[in-house]
Structure formats: structure tokens, C-alpha cells
Amino acid sequence: MRARIKVKVTNTGVSPANALGVQPTTARLFWNAQGANTAVSPDYIEAGGAQAVPTLPSLSHTTLVWEEVILTEDRGLFGVTARLEGTNDEVNHNNDEATRYFRLPPVRRSNRGD
């Protein structure tokens, strides 16, 4: 499936994010070769190239867009993981990655017979 993916990156900290960082912060998209099976360790494969994340003041955000990402289906679900890289100066790394699963809407069939 080809998809347009938008990722909102928010700085919930009290200081500007990446203001003092030597390595710039980037965001990448991945899909998991293990599919929707969360009982095994993920095997990530890159789905979207790196995009630079600008320096974000406290409590601000930015939205990054990947125009055409190819995702694979597993049991009717399409999973995509967004990961921040270059956040070495951050104290909390628990929010450097997020995975979301999407399902295609059901196809509606017409009862008119056409």
C-alpha cells in the first residue's frame, strides 16, 4: 500500500529541543518485517528517508510529511513506526519512537446491481 504519512513531533520539555545538540535530530519511518506480531523482537525496515527536525522551543511542535511510503499488510493491519534519531542530549528516550497500526476502510458494495 502506498500512503501519505504525517508525523507530529512535539517538545514537551522545559527547554528547546536540539538547541545544544552536535548531531542534528532526524525522523525516519519504518515498517516491521515481523508484521503485527508484537510477541517477537521487531525487525525494522526503512520505509521513509530521514527528515530533519528543526530546533523546537518548549511546548511547540512541527509536522513532518512523507508523501509516498510503501507499507506492508499483516492480518489486515498496516504498521508504521516513526523514530527520532540524534536525541543523545535528551534525558528521556522513551518517547523517541512510536508505532501506529492502520486498517483500510471496508469496501462498500452497492445493492443496486451495477
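Residues numbered from 1 in each chain as written. Predicted model: local features only at pLDDT ≥ 70, side-chain atom pairs only at ≥ 80, totals over all residues. Heavy atoms only, no water.

1. Some points on the overall build of the protein
For clarity, the threshold we go by: Here a strand is any run of E in DSSP of at least two residues, a helix any run of H or I of at least four, and the numbering for each starts at the N terminus. Any residue under 20% of the maximum accessible area for its type is buried, any over 50% is exposed, and the rest in between are partly exposed; the area is computed with a 1.4 Å probe on protein chains only. In what follows, a contact means two residues having at least one pair of non-hydrogen atoms within 4.5 Å. Methods summary: accessible areas were calculated by the Shrake-Rupley approach with a probe of 1.4 Å, and residue burial reflects only the protein chains presented.
A tally of helices and strands in the protein yields zero helices and seven strands. Counting over 114 residues, the protein shows a buried share of 31%. For the protein, the proportion of contacts with a sequence separation of at least 24, taken over those separated by at least 6, is 66%. For the protein, the exposed area adds up to about 8000 Å²; of that, 50% sits on carbon and sulfur atoms.

2. A short note on the layout of surface pockets
Let me state the cut-off plainly: In this analysis a 1.4 Å probe is tested at points of a 1 Å grid over the protein atoms alone, and where it fits but cannot get out there is a cavity; an open set with protein on both sides within 12 Å along at least five of seven lines is a pocket; lining residues have an atom within 4 Å of a point. Grid points are joined across faces, edges and corners, and a volume is the space filled by probe spheres set on the points.
Roughly 180 Å³ of internal volume is contained in the second largest pocket. For the second largest pocket, the lining is made up of 20 residues, of which Asn-32, Gly-35, Ala-36, Thr-99 and Tyr-101 are closest to its centre. Among the elements that take part in the lining of the second largest pocket, strand β6 (residues 77-85) stands out by supplying four residues, more than any other.

3. Topic: the pattern of salt bridges
Filter applied, for reference: The term salt bridge refers to a side-chain nitrogen of Lys or Arg lying within 4 Å of a carboxyl oxygen of Asp or Glu.
Throughout the structure, instances matching the rule amount to five salt bridges. In this structure, the salt-bridge partner of Glu-46 is Arg-28, at a minimum N-O distance of 2.9 Å. On the criterion of sequence distance, the pair formed by Glu-46 in strand β3 (residues 44-52) and Arg-28 in strand β2 (residues 26-32) is long-range, its members being 18 residues apart. Within this structure, Arg-28, Glu-46 and Glu-85 form a network of salt bridges that share partners.

4. As for unusual backbone geometry
With the exception of glycine, most residues fall at negative phi, and the peptide bonds are largely trans. Phi is positive for Leu-59, which is not a glycine, with a value near 60°. Tracing the sequence through the fold places Leu-59 in the loop between β3 and β4 (61-70).

5. Observations concerning the packing of aromatic side chains
Inclusion rule: Here a Phe, Tyr or Trp ring, Trp counted by its six-membered ring, pairs with any other such ring whose centre lies within 6.5 Å, and the pair is stacked when the planes are under 30 degrees apart, edge-to-face when over 60, and tilted otherwise. The rule is short: NZ of Lys or CZ of Arg within 6 Å of the ring centre and within 35 degrees of the ring normal puts a charge over the ring.
The tally for this structure, following the rule as stated, stands at one aromatic pair. Each ring, one from Phe-30 and one from Tyr-44, has its centre 5.9 Å from the other, and the planes form 55°; the classification is tilted. Of this pair, Phe-30 sits in strand β2 while Tyr-44 sits in strand β3, placing them 14 residues apart in sequence. Owing to a relative accessible area of 7%, Phe-30 belongs among the buried residues under this scheme. Exposure remark for Tyr-44: the relative accessible area of 25% places this residue in the partly exposed category. Between the NZ or CZ atom of Arg-83 and the centre of the ring of Phe-30, over which it lies, the distance is 4.4 Å.

6. Description of the environment of Asn-32
Defined as follows: Under this definition, polar contacts are N or O atom pairs within 3.5 Å; protein pairs additionally need one hydrogen-donor-capable and one acceptor-capable atom, and for neighbouring residues in sequence, both atoms have to be side-chain atoms.
With respect to the element layout, Asn-32 can be found in strand β2. For Asn-32, a relative accessible area of 14% translates into the label buried. Distance from Asn-32 to Pro-42, taken between C-alpha atoms, is 5.9 Å for residues ten residues apart in sequence. Not counting chain neighbours up to four residues away, the residues in contact with Asn-32 comprise Pro-42, Asp-43 and Tyr-44. Here Asp-43 takes part through its backbone nitrogen, which lies 2.9 Å from a polar atom of the side chain of Asn-32.

7. With respect to the side chain of Thr-25
Tracing the chain through its elements places Thr-25 in the loop between β1 (2-10) and β2. On the accessibility criterion, Thr-25 (7% relative accessible area) is buried.

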